[in-house]
Amino acid sequence: MALRPAALLSVGFLLLLTPGGLSHKGPASVPIRVSVENDLSNMTPESYSSSVVEGGVLLGALRRLQETETDFKFTMKEDPNFGLFVESVNGVAGNEQEQTYWEILSESSREYTRLEVGVGCYTPAANEHIVFRFSTWTSEQ
Ligand code: B12
């Protein structure tokens with residue numbers, strides 16, 4: 001049976017009245033965990049919960065974390081070729097002379113995988129565990 005124009009209009013109004021019916025909800029939020037490890041300075045590891053918008057980059061989660069957690073802070077510098085390089089986390093900065101830097105890893109079942117891009121490009125998956133580990137680099141890296 002074909003719906004008459006009046007009936008179609010009523011259905012349209014009902015959809016508009018339904019909570020969230022035709023409204024644009026925006027992208028979903030994806031939870032992630034962020035840990036900070038610094039064995040070089042013998043610091044207690046810290047773990048935080050954050051989130052990115054679906055398809056969003058890790059940088060978004062770090063910014064959100066910095067806004068909500070008083071004990072999490074980070075700084076970055078911009079590289080002309082590769083984008084954003086994390087210089088310091090929680091007040092500890094990498095050092096050219098000492099060959100230290102913040103390595104970024106993804107942990108799953110105690111397996112650590114080094115991210116292949118920086119925080120401005122990496123898209124975390126839901127419930128991913130990102131680890132910032134203060135590390136030393138060698139000239140081969
Ligand atoms: C050496 C090196 C490093 C050294 C740099 C130390 C130093 N002072 O030399 C260290 C170990 C610190 C490093 C770290 C990382 N690196 Co690196 N690195 C390199 C490598 C092998 C050579 C760079 C170089 O010396 N070029 C010669 C000099 C003369 O040129 P330059 O422009 O001055 O080099 C600078 C930039 O390359 C910068 N840099 C190095 N790595 C990275 C990574 C990012 C994301 C940024 C923004 C800048 C940057 O540091 C160099 C010295 O200042 C390149 C591979 C390549 N072929 O370029 C990868 C490379 C640049 N690194 C890469 C990555 C992914 C990382 C990390 C994110 C790895 C990780 N998961 O931790 C981290 C950065 C984390 C953070 N804190 O933000 C990727 C970048 C890919 C991308 N599209 O983003 C590359 C291309 C390797 C790859 N996967 O193929 N890296």
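Residues numbered from 1 in each chain as written. Predicted model: local features only at pLDDT ≥ 70, side-chain atom pairs only at ≥ 80, totals over all residues. Heavy atoms only, no water.

(A) Highlighting the sheet that holds strand β5 (residues 92-93). Read from one edge to the other, the open sheet built from 3 strands follows the order β3-β4-β5, with strand pairing classed as antiparallel. The outermost strands of the open sheet, each flanked by one partner alone, are β3 (74-79) and β5. Here 2 bridges tie strand β4 (residues 83-89) to β5, and the two strands are oriented antiparallel to one another. Each bridged residue has a counterpart across the sheet, and for serine 88 the counterpart in β5 is alanine 93. Packed onto the sheet, helix α2 (residues 58-68) meets β3 and β4 and runs at close to 145° relative to β3. (Pairing = 2+ DSSP bridges. Helix = DSSP H or I, 4+ residues; strand = E, 2+ residues; numbered from the N terminus. Contact = heavy atoms within 4.5 Å. Axes fitted to C-alpha atoms, helices over the stretch in contact; angles between N-to-C directions.)

(B) The arrangement of the pattern of salt bridges in detail. This structure, assessed with the given rule, holds 2 salt bridges. Put simply, glutamate 37 and arginine 133 hold a salt bridge, and the shortest N to O gap is 3.1 Å. Of the two residues, glutamate 37 is situated in strand β1 (residues 29-38) and arginine 133 in strand β8 (residues 129-136); the sequence distance between them amounts to 96 residues. Judged by its relative accessible area of 24%, arginine 133 is partly exposed. Measuring nitrogen to oxygen at the nearest pair gives 2.9 Å for the salt bridge that ties glutamate 103 to arginine 114. Taken together, the positions of glutamate 103 in strand β6 (residues 100-108) and arginine 114 in strand β7 (residues 111-114) put the pair 11 residues apart, joining distant regions of the chain. With a relative accessible area of 42%, arginine 114 lands in the partly exposed category. (Salt bridge = Lys/Arg side-chain N within 4 Å of Asp/Glu carboxyl O. Buried < 20%, exposed > 50% of the residue type's maximum accessible area, 1.4 Å probe, protein only.)

Interpretation note: all reported values are geometric properties and have no functional meaning in isolation.
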